[in-house]
Amino acid sequence: MAAGSAATLLAAVACAVLVLLAPAVSGDAATLESVPDLVKAMYVNIESFPCVRLLNLSGEIGCSNPGHGLVIAPIVRFKNSDDQLAQPSAVLLPLDQMPAFFLRVSNDPELYHKVAGVLVESNGDKLLELSPDRKFPQEDFAPYSNVSHDWNPSGSGIMWNRYDFPVFLLSEESTQTLRKIADKNEKSSNGYQANVAEFDLVMQTTKAETNGSESCLKEQSCLPLGGQSVWASLPPMSNASAEHQKPIIMVVASQDSASFFRDRSLGADSPISGLIALLTAVDALSHLHDLGKLKKQLVFAAFDGEAWGYLGSRKFLQELDEGDDSVNGINSSMIEQVLEIGSVGKGISQGDTLFYAHASRVMIL
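One structure accompanies this document, and this report is about it. Predicted, not measured: the structure shown is a model, and the values here were computed from it.

So, about the nonpolar core. Met98, Phe101, Phe102, Val118, Phe165, Val167 and Phe260 are the most contacted members of the largest nonpolar core, which has 32 residues in total. Taken domain by domain, this core gets at least three of its residues from each of domain 1 (40–219) and domain 2 (230–353). If you look at the next biggest cluster of nonpolar residues, it comprises 15 residues, including Val71, Ala73, Leu92 and Leu119.

This part covers the pairing of strand S6 (residues 53–56). Note: S6 against strand S7 (residues 59–63), four bridges, orientation antiparallel. Within S7, the position partnered with leucine 55 by the bridge is glutamate 60. Once S6 ends, the chain turns through two residues before running back antiparallel as S7.

Right, let's talk about the environment of serine 259 for a bit. Here serine 259 lies in the loop between strand S16 (248–254) and helix H6 (272–286). Considering only alpha carbons, one finds serine 259 and serine 131, 128 residues apart in sequence, at a separation of 8.2 Å. Leaving out residues up to four positions away in the same chain, serine 259 has contacts with Met159 and Ser265. At 3.1 Å, the side chain of serine 259 and the backbone oxygen of phenylalanine 261 are in polar contact.

Scanning the model with the defined rule gives one disulfide in all. Between the sulfur atoms of cysteine 51 and its disulfide mate cysteine 63 the distance is 2.0 Å. The chirality of the disulfide connecting cysteine 51 with cysteine 63 is right-handed, given an S-S dihedral of about 80°. Linking cysteine 51 in the loop between strand S5 (48–50) and S6 with cysteine 63 in strand S7, this pair joins segments that are twelve residues apart in sequence. A residue is classified by how much of its surface remains accessible, and cysteine 51, at 3% relative accessible area, is buried.

This part is about helix H2 (residues 98–106). Of the residues making up H2, those classed as buried are Met98, Pro99, Phe101, Phe102, Arg104 and Val105. Its buried side turned inward, H2 meets strand S9 (89–93), helix H3 (109–112), strand S10 (115–120), strand S11 (162–163) and strand S12 (167–170).

Okay, the packing of aromatic side chains next. How two aromatic rings sit relative to each other is set out by the distance from centre to centre and by the angle between their planes. Counted under the stated rule, the structure contains 14 aromatic pairs. Taking the centre distance of 5.0 Å and the plane angle of 75° together, the rings of phenylalanine 102 and tyrosine 163 count as edge-to-face. Residue phenylalanine 102 is found in helix H2, and its partner tyrosine 163 is found in strand S11; the two are separated by 61 residues along the sequence. Tyrosine 163 matches phenylalanine 102 in its accessibility class, with the two residues each being buried.

With that settled, the discussion passes to the pairing of S12. Residues Val167 and Leu169 line one face of S12 and the alternating positions Phe168 and Leu170 line the opposite face, and both faces are buried. The sheet contact formed by S5 and S12 spans three bridges and is antiparallel. Within S12, the residue paired with phenylalanine 49 across the bridge is leucine 169. For S10 and S12, the ladder comprises three bridges, and the chain directions are parallel. From the neighbouring strand, valine 120 faces S12, where its bridge partner is leucine 169.

About the criteria used
Residues numbered from 1 in each chain as written. Predicted model: local features only at pLDDT ≥ 70, side-chain atom pairs only at ≥ 80, totals over all residues. Heavy atoms only, no water. Core = buried A, V, L, I, M, F, W, Y, C linked by side-chain atoms within 4.5 Å. Buried < 20%, exposed > 50% of the residue type's maximum accessible area, 1.4 Å probe, protein only. Domains from an automatic or database assignment. Pairing = 2+ DSSP bridges. Helix = DSSP H or I, 4+ residues; strand = E, 2+ residues; numbered from the N terminus. Contact = heavy atoms within 4.5 Å. Polar contact = N/O pair within 3.5 Å; in protein donor to acceptor, adjacent residues only side chain to side chain. Disulfide = S-S within 2.5 Å. Phe/Tyr/Trp six-rings, centres within 6.5 Å; stacked < 30°, edge-to-face > 60°.

Below is the structure:
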């Protein structure tokens, strides 16, 4: 077994703090015996999951504060994505309105500059067909020229835009808290909205003039995105010369995913279900005897960073070309076929037993 680190083409840092600033409680003043007591009475920490800033060689995507200071803004609840803002505000937004709102913000400069932050409500256990990725994910790497097919029909593409305001997905409990606060602000008779959200140094990843991954990595103002990709073979491979090796069939899967809220959406359906299917196949085959009699050599690989421009598999190919020790035993000229296992979990969970295989050219099995 060997491993190679994914290329550092993307980078991110998340330093996120979201608190609710409310008027001091109207209880017995004697209970406020110290400054920490006062702070505790005024501030409520909100459980939430941030959208982070990501960088590549050409620029930035994702979310962050517009500057290096904190942002404080009144909380306004949007019930529809086409609601209006009278002043800079922290928008409390239903999850099902999120794609339409962010697409609108990206095309409405006036609204964009009034959005101080976005708080996305939890939808509990309700399943929604929402995807922040594009309708054709990673179309730049398609092995064919026609990229008009919608592989991801519910995709909005909003995760690939840059937002200079913080965005958080709320927990279910925090959603209820923020709804009550927003309703109080809305019912305020004097127009003064006493309850505000404070975003303190949220996801500031870059210094001045470091708006790409190469420069910010040099300045150490961001961290590389990626990890370890792993491969193994059945039966174990020897370092024999190419003429004594069998043709290789590689079975690969991704071990990470891309999402708008990285800490909340882990990709259980896609692509982690494919990784589980691969590991299940490896486990089943490992109990068979006489695998050495097979006419083909089986190699299994789990690649990291695939959701971000196929970082893991591209690094793997680079190491093959360079003859790196991490891929010792694999000869690229002997790789006959590559089978990638994608998303299979949703089909199983919804009772669908029909799966599809897609090939970029005619395959002989």
